[in-house]
Amino acid sequence: MDQQPIISFKNVNKIYSNGTVGLKDINFDIPRGEFLVVVGLSGAGKSTLLRTINRMHEISSGEITIEDEPISSYKGQSLRLLRRKIGMIFQDFNLIKRSTVQRNVLSGRVSYYPTWKSVLSLFSTADKDRAIRALERVNLTEKLYTRADELSGGQQQRVAIARTLMQDPKVILADEPVASLDPLTTQTVMDILKRLNQEDGITVIVNLHSVALARQYADRIVGLRAGAVVYDKEIADVTEADLTKIYQTA
Amino acid sequence: MTTPEIPQRSWSQRWHVKAVGWTVLLVALLVGSSRMTGVDVGMFFSNFDQFTNLLVRMSQPAWSYVPIIIQPLYETIQMAILGTTIGTVFAVPFAVLAASNLVHNQWLRGFIRLILDLVRTLPDLLLAAIFVAIFGIGSTAGVITLAIFSFGMISKLFYEVIETIDMGPLEAMESVGASKVTIIWYAVLPQIMNQFVSYFLYTLEINVRASTVLGYLGAGGIGVFLQRSLSEFDYGKTAVIILATLVVVMVIDGVSNHLRRVLL
Ligand SMILES: Nc1ncnc2c1ncn2[C@@H]1O[C@H](COP(=O)(O)OP(=O)(O)OP(=O)(O)O)[C@@H](O)[C@H]1O
Ligand SMILES: [Mg+2]
């Protein structure tokens, strides 16, 4: 991993409109193809950090560059194109519950179509095949025509991953993707993310609460506290003592 | 071992001050407003025999009148459907722009809501009178009146539904790079569709009844016949018209229930 980083934070600060410090002087690079885990106490700023990468949150100062391009000036179509190459996975899955799995997966592809085609669901045969292949990746092809709210939590999260794959993303952001799942399903979902990272070379950034999971899957662990990076090490250098320190209060 | 401390309810919580206060206020408002407007509840009961008298005279429906009112009833239904549909088509974009979870620009939202409040303030009888004056006697005036009335009502009902939706799917669609319209189409619409349909049919039902009144002003439909029967004191015919309207309302209600079950 000696080439240029895919994402780079430069003096990034974020202050919410009510004065809360979200991020404080963040500086670090994420190399292409890395599996990065962000840990920290509740309120440390993990979700905020993740959402600045696809501009779901705006930063107050500094700059984030993605593939060497500063992203803060993107607007309208260029912002949508930025988001297209960055998939996002959520704790609550955020599927459209009343729609079928197929429609949910296809909805990940809409940024490749003009609005009127998306609205009329005029997806190409190639993209319908792509949806089936995306579901194959998460082992859920048999649920193609099932309504999303009829699936278990773990299955819903896998559909969400398939939806993200439709974007053909270079980066996947996952905000506590396993926080509402049982231990077994947790392994399944984390394994899928790891496989996408290794087989497809997708850069994966995951917020986790569990230190054990972080150690098991991460290439590198970044620790946040009160919006600042207080820890940043390759997995080989991470020790148990380090991690307990991150989770100590103040 | 100490017992865990149980938080004390505040004085106002213990004596349900809020609930008592609201009840007293409501009763006072009721009594006060009936005083001021001079509503005489006693008169309702003392003149009750006139009401029963009317009911007795209506209890012999003039069934031979049925074939005559089929055509105007059909026209009424058409007016109601057209008016409700036109109103709804315009209401949807306004409802989206008035929803606080979709539009963060307070000024725009406030402006849209002001327009909607204005539209709802206009009495439909006034609208009907105006449009009859403009378009002449006939169903055009009725359709436009119903469309405006439906627009005001549906846009409010719709934006209140939109404000209750789960925002998660919207966040997801935003993150895939979807355009605003696509986000609404994919993430908002499925969440509100069945309530929209049921409000649409509810408005349609109100419009069927409203158009019987509008007919008084010459706005077309069954109302013209209702007015004629009443002015001729031919209560057997009135009864038939009311029963026929009831059937239409019941059918709409049935369709509404069915669709809601299918769409849920
Ligand atoms: N929209 C907002 N407005 C104001 N403050 C916010 C907003 N969102 C988050 N915050 C604050 O910013 C800080 C960081 O929040 P963030 O959600 O990023 O934490 P987190 O590490 O993801 O926590 P958790 O583990 O609970 O998800 C917190 O103090 C939070 O209260
Ligand atoms: Mg969070």
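Residues numbered from 1 in each chain as written. Chains lettered and ligands numbered in written order. Predicted model: local features only at pLDDT ≥ 70, side-chain atom pairs only at ≥ 80, totals over all residues. Heavy atoms only, no water.

**Things to note about the sheet that holds strand 5 (residues 69–70) of chain A**
Residues and elements named next belong to chain A.
Alright, step 1. An order of 2-1-4-5 is seen for the 4 strands of this open sheet, with the pairing classed as antiparallel. The strands lining the two open edges of the sheet, one partner per strand, are strand 2 (21–31) and strand 5.
Alright, step 2. Here strand 1 (residues 5–15) runs beside strand 4 (residues 61–66); their pairing, made up of 5 bridges, is antiparallel. Within strand 4, the residue paired with F9 across the bridge is I64.
Alright, step 3. Contacting strand 1, strand 2 and strand 4, helix 1 (residues 46–53) runs over the sheet at an angle of about 60° to strand 2. (Pairing = 2+ DSSP bridges. Helix = DSSP H or I, 4+ residues; strand = E, 2+ residues; numbered from the N terminus. Contact = heavy atoms within 4.5 Å. Axes fitted to C-alpha atoms, helices over the stretch in contact; angles between N-to-C directions.)

**What to know about the packing of aromatic side chains**
Aromatic ring pairs are reported here in terms of the distance separating the ring centres and the angle at which the planes meet.
Residue and element names in this part refer to chain A.
Alright, step 1. Enumeration over the complete set of coordinates arrives at 5 aromatic pairs over all chains.
Alright, step 2. A centroid spacing of 5.2 Å and a plane angle of 85° characterise the contact between Y113 and F123, whose relative ring orientation is edge-to-face. Pair noted here: Y113 is in the loop between helix 3 (101–106) and helix 4 (115–119) and F123 is in the loop between helix 4 and helix 5 (125–137), with a separation of 10 residues, a long-range link.
Alright, step 3. Since its relative accessible area comes to 15%, Y113 is described here as buried. (Phe/Tyr/Trp six-rings, centres within 6.5 Å; stacked < 30°, edge-to-face > 60°. Buried < 20%, exposed > 50% of the residue type's maximum accessible area, 1.4 Å probe, protein only.)

**Description of the pairing of strand 7 (residues 171–175) of chain A**
Residue and element names in this part refer to chain A.
Alright, step 1. Counting buried positions along strand 7 gives 5 out of 5 residues, so the element sits mostly inside the fold.
Alright, step 2. Along strand 7, one buried face is formed by V171, L173 and D175 and the opposite face, lined by I172 and A174, is buried too.
Alright, step 3. By the bridge criterion, 4 bridges tie strand 6 (residues 86–89) to strand 7 in an arrangement that is parallel. Note on strand 7: the bridge partner recorded for M88 is L173.
Alright, step 4. Here strand 7 runs beside strand 8 (residues 203–207); their pairing, made up of 5 bridges, is parallel. Looking at the pairing, A174 lines up with V206 of strand 8.
Alright, step 5. Note that the unit made of strand 7, helix 7 (residues 183–200) and strand 8 has a crossover that is right-handed. (Right-handed = clockwise from strand over helix to strand, strands pointing away.)

**A look at the pattern of salt bridges**
Residues and elements named next belong to chain A.
Alright, step 1. A complete count under the given rule lists 22 salt bridges over all chains for this structure.
Alright, step 2. Ionic pairing is found between R130 and D168, a salt bridge with its closest N-O pair at 3.9 Å. Highlighted residues: R130 in helix 5 and D168 in the loop between helix 6 (153–165) and strand 7, separated in sequence by 38 residues.
Alright, step 3. Take R130: its relative accessible area is 25%, and that puts it in the partly exposed class.
Alright, step 4. Here the salt bridges do not stand alone but share partners, grouping R32, E67, K85 and K170 into one network. (Salt bridge = Lys/Arg side-chain N within 4 Å of Asp/Glu carboxyl O.)

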